[in-house]
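# Chain and residue survey
Spelled out, the chains give:
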Amino acid sequence: MFHKILIANRGEIALRIIRACKELGIKTVAVHSDVDSESLHVKLADQSVCIGSAPSAKSYLNIKAILSAAEITDADAIHPGYGFLSENAEFAEICEKCGITFIGPSAESMRLMGDKISARRTVTEAGVPILPGTKDNVATVEDAVKIAEEIGFPVIIKATAGGGGRGMKVVYSQVHLPNAFAAARTEAEAGFGNPDVYIEKFCENPRHVEIQILADKHGNVIHLGERDCSIQRRHQKLIEEAPCPVLSEDLRQKMGACSVAAAKKVGYDSVGTMEFLLDKNNNFFFMEMNTRVQVEHPVTEMVTGVDVIKEQIRSAAGEPLRYTQDDIKISGHAIECRINAEDPVKFTPFPGKITAYHTPGGLGVRVDSFVYDQYTVLQHYDSMIAKLIVHANTREEAIKRMDRALDEYIIEGIKTTIPFHKRIMNNKDFIDSNVDTGFLERE
Ligand code: MV4
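Let me begin by describing the structure that accompanies this report. The shown structure was predicted, so the numbers you read here are calculated from the model rather than taken from an experiment.

Orientation of helix α1 (residues 11-24) relative to helix α11 (residues 308-316), taken along the N-to-C sense of each, is 65°, at an axis distance of 9 Å. Overall, the two elements α1 and α11 adopt an arrangement that is roughly perpendicular. Of the two elements, α1 crosses α11, and the hand of that crossing is right-handed. Facing Ile13, Arg16, Ile17, Ala20, Cys21, Glu23 and Leu24 of α1, the residues of α11 in contact are Val308, Ile309, Lys310, Ile313 and Arg314. When its residues are assigned to classes, the contact of α1 with α11 shows eight nonpolar, no polar and four charged.

If you want it as structure tokens, here you go:
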């Protein structure tokens, strides 16, 4: 097992990783930017190192500074959390060259899944369903027109190097294709440094359902069931739950088996997530794989009892999984609300000083956060300041529990998304599970 882990991240996930390390008896090193020294992750780690100035490019994305911090503190592994360097294959490679374990999958699996065309090809070879679409980069508008005609409208143009919804274009008819195609390529080049795009059949009003994967360096792969993340706004998830309220046990088994097969195909050996679209007729299609731990992992932890971060660390240290698929039982229902320092109507950032703070408690309530009374929420970083997670026996009870926990949560001095979540917990369509990824846009 590792002796000391450096956490190359900030905020709640840095704290979440520190908690796992403490329970595993591993020393921790926090890194932080010069404006971030008051963050709880800095206070709770065994050691901390300032690695640069406020802009992420100078600190949390500064590979040289992070590796220097690991060297001087004698850390033997780096946990990248999510965002920042977590899906940077080059960073993973540099860590390994420096003799430091990158807590995540191999650079090779990250590249294979990071390229969305190669991901489509790879999962298809493992028998996973994908939407009809191109097998290769679509280079010319003539090709695009021909392919779209074959697939049938509507189609969606996606960046090969993209992901998470950025740089996509939905096209409903042939007349709009040339402009959309040109715009997609330009945006892909500007956003990801690679103009390659591919075309897929557009699936209208799907649910977003994803499967949590756990894998080790001994070829063992299991899944921890699914999460429903359909409540999103502009590709930002706001509420996640487990299990998915509309998934049958049969479909859960099928999606789980597909996800395990795909992970085995790439020799995947860490935690990861297979994202699927679920259409109105309960057909599921692979969208993309996230090769990192995700923000919403706690809902899976609550319904399975598995500590995803501890398993990820153990796996990176070469230990075999402590669970077989048969050990995994889904129990009850969990919901997570992302509490962002934002205007709850306009969703614009609202940084500033927290002048009063009280967290909810009681049976089945969990708060993962890094803020406290008198803490100043910084404008430089992501606006998510806390995750409120509840667990109960049924979905109905979980919604009621979330509703009362939101009432207990007091955050003064800044605006937060708490009032937004209150509205959703009392929305008839949400209560009836009658939602899809277009729900918020329509409301
Ligand atoms: C799609 C799709 C419909 N059809 N692909 C959004 C995130 C990125 N992973 C891919 N996304 C989508 N891909 C096809 N062929 C609809 C979306 C999509 C979406 C997916 C999940 C959650 C919210 C979404 C909101 C808009 C579009």
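Now that the structure is up, let's keep going.
Quick look at the packing of helix α7 (residues 141-151) against helix α8 (residues 177-192) now. Packed helix pairs are characterised by how far apart their axes lie and by the angle those axes make with each other. Where α7 meets α8, the closest approach of the two axes is 10 Å, and the angle between their N-to-C directions is 120°. Here α7 lies oblique to α8, going by the angle between them. Note that α7 runs across α8; the crossing there is right-handed. Residue-level inspection shows Val141, Ala144, Val145 and Ala148 of α7 in contact with α8, the latter providing Leu177, Pro178 and Phe181. Looking at side-chain class alone, the contact of α7 with α8 contains seven nonpolar, no polar and no charged residues.

The next point concerns the environment of Met168. Structurally, the position occupied by Met168 is in the loop between β6 (155-159) and β7 (169-171). Note on Met168: relative accessible area 29%, which makes it partly exposed. Taking C-alpha positions, Met168 is 4.7 Å from Lys158, a pair spaced 10 residues apart along the chain.

All right, on to the sheet that holds strand β5 (residues 101-102) then. Spatial ordering of the open sheet is given by β3-β2-β1-β4-β5, a layout of five strands whose pairing is parallel. Both outer strands of the open sheet, β3 (47-52) and β5, are each paired with one neighbouring strand and no more. Of the strand pairs in this sheet, strand β2 (residues 27-33) and β3 are connected by five bridges, and their pairing is parallel. Paired with Val29 across the strands is Gln47, a residue of β3. Across the sheet, helix α3 (residues 63-73) touches β1 (4-7), β2, β3 and β4 (77-79), and the angle it forms with β3 is around 150°.

This part is about the state of the cysteines. Here the structure, examined in full by the defined rule, presents zero disulfides. Between Cys229, a free cysteine, and Cys244, which holds the nearest cysteine sulfur, the sulfur-to-sulfur gap is 9.5 Å. Free cysteine: Cys337, not disulfide-bonded; nearest cysteine sulfur from Cys229 at 13 Å.

What follows deals with the site of the ligand. Around the ligand lies a shell of 18 residues, among which Lys158, Glu200, Lys201, Cys203 and Glu288 are the nearest. Separating a nitrogen atom of the ligand from a backbone N or O atom of Cys203 is a distance of 2.9 Å. Contact between the ligand and Glu288: a nitrogen atom at 2.9 Å from a side-chain N or O atom of the residue. Of all elements in the fold, only β6, β8 (197-201), β12 (271-278) and β13 (284-290) reach the threshold of two or more residues within the shell around the ligand. When the residues that make up the shell around the ligand are grouped by side-chain class, the tally is seven nonpolar, six polar and five charged. Two domains each provide a minimum of three residues to the shell around the ligand, namely domain 2 (132-201) and domain 3 (207-442).

Rules behind the numbers
- Residues numbered from 1 in each chain as written.
- Predicted model: local features only at pLDDT ≥ 70, side-chain atom pairs only at ≥ 80, totals over all residues.
- Heavy atoms only, no water.
- Axes fitted to C-alpha atoms, helices over the stretch in contact; angles between N-to-C directions.
- Helix = DSSP H or I, 4+ residues; strand = E, 2+ residues; numbered from the N terminus.
- Parallel < 35°, antiparallel > 145°, perpendicular 65-115°, else oblique.
- Left-handed = near helix turned anticlockwise from the far one by under 90°.
- Contact = heavy atoms within 4.5 Å.
- Nonpolar A, V, L, I, M, F, W, Y, C, P; charged D, E, K, R; others polar.
- Buried < 20%, exposed > 50% of the residue type's maximum accessible area, 1.4 Å probe, protein only.
- Pairing = 2+ DSSP bridges.
- Disulfide = S-S within 2.5 Å.
- Near = heavy atom within 4 Å.
- Polar contact = N/O pair within 3.5 Å; in protein donor to acceptor, adjacent residues only side chain to side chain.
- Domains from an automatic or database assignment.

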